[in-house]
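# Per-entry structural report
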Amino acid sequence: MSVTIFTMTHKKFKNPEDPVYMPLHVGRARGTDYGYAGDDTGDNISEKNCYYGELTGVYWVWKNIRTSDYVGICHYRRYFCTEEGRIFNEKDYLSILKDYDIITSKKLKLNFSYFDGYASDYNIFDLVTTGEVIRQMYPEYYDVFEHLVHGNGTYFGNMMVTSKALYDEYASWLFSIFAEVEKRIDPSGYDDYHKRVYGFISEFLLYVWVKVKGLKVCECKVGMTTEKYETGQMKERLSEFFQMGDLAGAKEYFLGVLEKRPDVLMEASDITGELKLSMQVIAVCELERQTYGDSVLDRMLRECEDSLMHHNMQEDTRSIARRSTGEESGDAGCGRNRKYTGQTVEKDGLFEELMDYFNRLNEVVNACKIGQPGEKELAFLQKTPITDIAIEASARLFIAEDEEVEKVVGNVKRYERAESHFSEKETPAI
């Protein structure tokens, strides 16, 4: 039995060495030729890539591949993998497919219904229209569609591996629906991100199709080989705002990007969770400044300035000359990865320190929520100044009810040293 996993890409990338993976350039009809097989040959819809995203590749595999018993879809930076993070090989796929009909991503559990989430980020008319087309063309699917669209689950990435026969059946169903939807909606006026309406909705429709078919599904972990370029750009820009102590600028920038790219906070984009942590930094530090006139960000910036001053006083003439050429001059002790070049702190030093602080705070609060914190959490609590505002904000990440938030905040405070804790009425030592 043969397996071919098509790695959808729109850019040059390092494909896994395993021959089971075949790069497929989606949207090649309007893009640069990178030397990969493209979705613009044979029967294709490559020209519609701006609306369909990776689905132009899904379509191409449906119409043009006849030599594989099993086919699958992954992405140039997303692959099915073991829980330990090893990318699946052909043996893994064949072993799983002996017992299952299809491999999909693990179902996302949303904090809201799929319908409400779509309505908040996209044009809900497009999803409603899709439902209406399903009701008319495939009435046996409509009740399940309606039930699931108001539930809180969905697959993501249009990733799957299954027999070519099932794949073709799904593709025939999916593209017949979208052929009709195309006649009823007009996404041509959307921005480049929101134009990919069919690619977004299809992630959910795979979930609907699998449920109606009653397939035996193996939901697998999806590993990320690289961070999204846009995510890295956001973190670099936020780092610059934090280094300047400009919370208002960071907030305005973040909200502006979020309006254009609501997907940046999804796990598939924010794989380290650092964008969510950055939101927490902005919200907490703004409230701390309003309440105390100071914040954890301001404290870290002062520590950096003090360390830099001390460092400059200790430098000899040779070290100063080395700094002036931009060469690394060693760690002055401000942050575990902090280095100094000229008169500025490297951008990632402060950012990493903020991420570490809030990540450890969240671990502490979550530990207090589920039970007694361990030695690591206690050490952080007892050695690190933390405001009531920061504790409560962290608690609200895990808890919705006010009463439960108060309980967990109280638990955190009990584990703190008295001298490291202060109430909102006291002068903070941050």
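The residue numbering used here restarts from 1 in each chain and proceeds along that chain's sequence as written. Side-chain atom pairs in this predicted model are given and counted only at pLDDT of 80 or more, local residue features only at pLDDT of at least 70, and totals for whole chains, interfaces and linings cover all residues. Remark: hydrogens and water are excluded; side-chain values derive from all non-hydrogen atoms of the structure.

### Thoughts on the state of the cysteines
Throughout, a disulfide means two cysteine sulfur atoms within 2.5 Å of one another. On inspection of all chains with the given rule, the structure shows zero disulfides. For Cys-218, which is in no disulfide, the shortest distance to another cysteine sulfur is to Cys-220 and amounts to 3.5 Å. Residue Cys-218 is classed as buried on the basis of its relative accessible area of 13%. Note on exposure labels: buried denotes an accessible area under 20% of the residue type's maximum, exposed denotes more than 50%, and partly exposed covers the range between, all computed with a 1.4 Å probe on protein chains only.

### So, helix 8 (residues 197–213)
Residue pairs spaced three or four apart in an α-helix point in one direction, given the helix's 3.6 residues per turn. Along its 17 residues, helix 8 runs 24 Å from first to last C-alpha, staying within 8% of the 24 Å computed at 1.5 Å per residue. Bend at a given residue is defined as the angle between two axes, one fitted to the seven residues that end at that position and one fitted to the seven that begin there. Strands here are runs of E lasting at least two residues and helices are runs of H or I lasting at least four, both read from the DSSP assignment and numbered beginning at the N terminus. Maximal helix bending in helix 8 amounts to about 30 degrees, located at Glu-203. For helix 8, a buried count of 14 out of 17 residues is recorded, marking the element as mostly surrounded by other parts of the structure. Just downstream of helix 8, Gly-214 is the residue with a positive phi angle, here 70 degrees. Any helix carries an expected span of 1.5 Å times its number of residues minus one.

### Considerations on the environment of Lys-14
Checked against the element boundaries, Lys-14 lands in the loop between strand 1 (3–9) and strand 2 (21–25). Remark: the alpha-carbon pair of Lys-14 and Tyr-76, spanning 62 residues in sequence, is separated by 7.9 Å.

### Notes on the pairing of strand 9 (residues 160–163)
Two strands qualify as a pair provided that DSSP identifies no fewer than 2 bridges between them. Two strands pair when backbone bridges link them, and strand 4 (residues 70–75) and strand 9 are joined in this way by four bridges, in the antiparallel orientation. Of the residues in strand 9, the one forming a bridge with Gly-72 is Val-161.

### Notes on the packing of helix 6 (residues 139–149) against helix 8
A pair of packed helices is characterised by two quantities: the angle between their axes and the separation of those axes. Between helix 6 and helix 8, the least distance of the axes is 9 Å, while the angle of their chain directions is 125 degrees. Accordingly, the angle class assigned to the pair helix 6 and helix 8 is oblique. For the element pair helix 6 and helix 8, the recorded crossing hand is right-handed. Facing Glu-140, Tyr-141, Val-144, Phe-145, Leu-148 and Val-149 of helix 6, the residues of helix 8 in contact are Phe-204, Leu-205, Tyr-207, Val-208, Trp-209, Lys-211, Val-212 and Lys-213. When residues are sorted by character, Ala, Val, Leu, Ile, Met, Phe, Trp, Tyr, Cys and Pro go into the nonpolar class, Asp, Glu, Lys and Arg into the charged class, and all the rest, Gly among them, into the polar class. Of the residues in the contact of helix 6 with helix 8, the class split is eleven nonpolar, no polar and three charged. Here an axis means a line fitted to C-alpha atoms, over the contact stretch when the element is a helix, while the angle between two N-to-C directions is reported on a 0 to 180 degree scale. Roughly parallel refers to an angle under 35 degrees, roughly antiparallel to one over 145, roughly perpendicular to one between 65 and 115, and oblique to any angle outside these ranges. Handedness of a crossing follows from how the near helix is turned relative to the far one, being left-handed for an anticlockwise turn of less than a right angle and right-handed for a clockwise one. Only heavy atoms matter for contacts: two residues are in contact if any of them lie within 4.5 Å across the pair.

### Let's talk about the nonpolar core
The biggest cluster of nonpolar side chains holds 77 residues, and the ones touching the most others in it are Val-61, Phe-175 and Phe-178. Element by element, the count of residues in this core is highest for helix 8, at eleven residues. If we ignore the near neighbours within four places in the chain, the residues touching Phe-175 are Ile-45, Tyr-52, Leu-55, Val-58, Tyr-59 and Trp-62. Listed in part, the 43 residues of the second largest apolar core include Phe-242, Val-257, Met-300 and Ile-389. Here the nonpolar core consists of buried residues drawn from Ala, Val, Leu, Ile, Met, Phe, Trp, Tyr and Cys, with membership extended through side-chain atoms lying within 4.5 Å.

### Here we look at the layout of surface pockets
Here a cavity denotes grid points, spaced 1 Å and computed from the protein atoms alone, that fit a 1.4 Å probe unable to get out, and a pocket denotes an open set having protein on both sides within 12 Å along at least 5 of 7 lines; residues with an atom within 4 Å of a point are the lining. Grid points are joined across faces, edges and corners, and a volume is the space filled by probe spheres set on the points. Space inside the second largest pocket adds up to approximately 390 Å³. Forming the walls of the second largest pocket are 17 residues, and the residues nearest its centre are Gly-273, Lys-276, Leu-277, Gln-280 and Asn-362. At the level of secondary structure, the elements contributing two or more residues to the lining of the second largest pocket comprise helix 11 (274–292), helix 14 (347–370) and helix 16 (388–398). Per-element accounting of the lining of the second largest pocket gives the leading share, six residues, to helix 14. For the lining of the second largest pocket, the residue count by class is five nonpolar, six polar and six charged.

### Focus on empty space enclosed by the protein
Gaps left between atoms are located by rolling a probe of water-molecule size over the structure's atoms. This model, assessed by the stated rule, comprises one cavity of 30 Å³ or more. Within this model, the largest cavity holds a volume of roughly 30 Å³. In this structure, the largest cavity is lined by Arg-360, Glu-363, Val-364, Lys-376, Glu-377 and Phe-380. Taken together, the elements giving at least two residues each to the lining of the largest cavity come down to helix 14 and helix 15 (375–383). Considering only residue class, the lining of the largest cavity consists of two nonpolar, no polar and four charged.

### Some remarks on the confidence of the model for the protein
Taken over all residues, the pLDDT of the protein has a mean of 86, while the share at 70 or more is 86%. The pLDDT score gives, residue by residue, the confidence of the prediction method on a 0 to 100 scale. Contacts from residues 418–430, a stretch scored under 50 in pLDDT, to residues over four places away or in other chains number 32 contacts.

### Comments concerning the pairing of strand 5 (residues 78–81)
What you see with strand 5 is no split at all: Arg-78 and Phe-80 on one side and Tyr-79 and Cys-81 on the other are buried throughout. The pairing of strand 5 with strand 10 (residues 217–224) spans four bridges and is antiparallel. Note on strand 10: the bridge partner recorded for Cys-81 is Lys-221.

### Quick word on the side chain of Thr-387
Following the sequence through the fold, Thr-387 ends up in strand 13 (residues 386–387). Polar contacts, as used here, are pairs of N or O atoms within 3.5 Å; protein pairs need one atom able to donate a hydrogen and one able to accept it. Residues neighboring in sequence count only if both atoms are side-chain atoms. Of the polar contacts made by the side chain of Thr-387, one reaches the side chain of Glu-288; its length is 2.6 Å.

### Description of the packing of aromatic side chains
Side-chain rings of Phe, Tyr and Trp, where Trp is taken by its six-membered ring, are said to pair if the distance between their centres is within 6.5 Å; with planes under 30 degrees apart they count as stacked, over 60 as edge-to-face, and otherwise as tilted. Under the defined criterion, the tally for this structure stands at 32 aromatic pairs. Residues Tyr-52 and Phe-178 carry aromatic rings whose centres are separated by 6.1 Å and whose planes lie at 75 degrees to one another, so their mutual orientation is edge-to-face. Linking Tyr-52 in helix 1 (residues 49–52) with Phe-178 in helix 7 (residues 164–181), this pair joins segments that are 126 residues apart in sequence. Of the residues examined, Tyr-52 reaches a relative accessible area of 3% and is grouped as buried. Members of the aromatic cluster, joined through ring pairs, are Tyr-114, Tyr-118, Tyr-122, Tyr-142, Phe-145, Tyr-155, Tyr-193, Phe-200, Phe-204 and Tyr-207. Put simply, a charge is over a ring when the Lys NZ or the Arg CZ is close to the ring centre, within 6 Å, and near the line of the ring normal, within 35 degrees. Geometry around Trp-62 places Lys-63 over its ring, the cationic atom sitting 4.0 Å from the centre.

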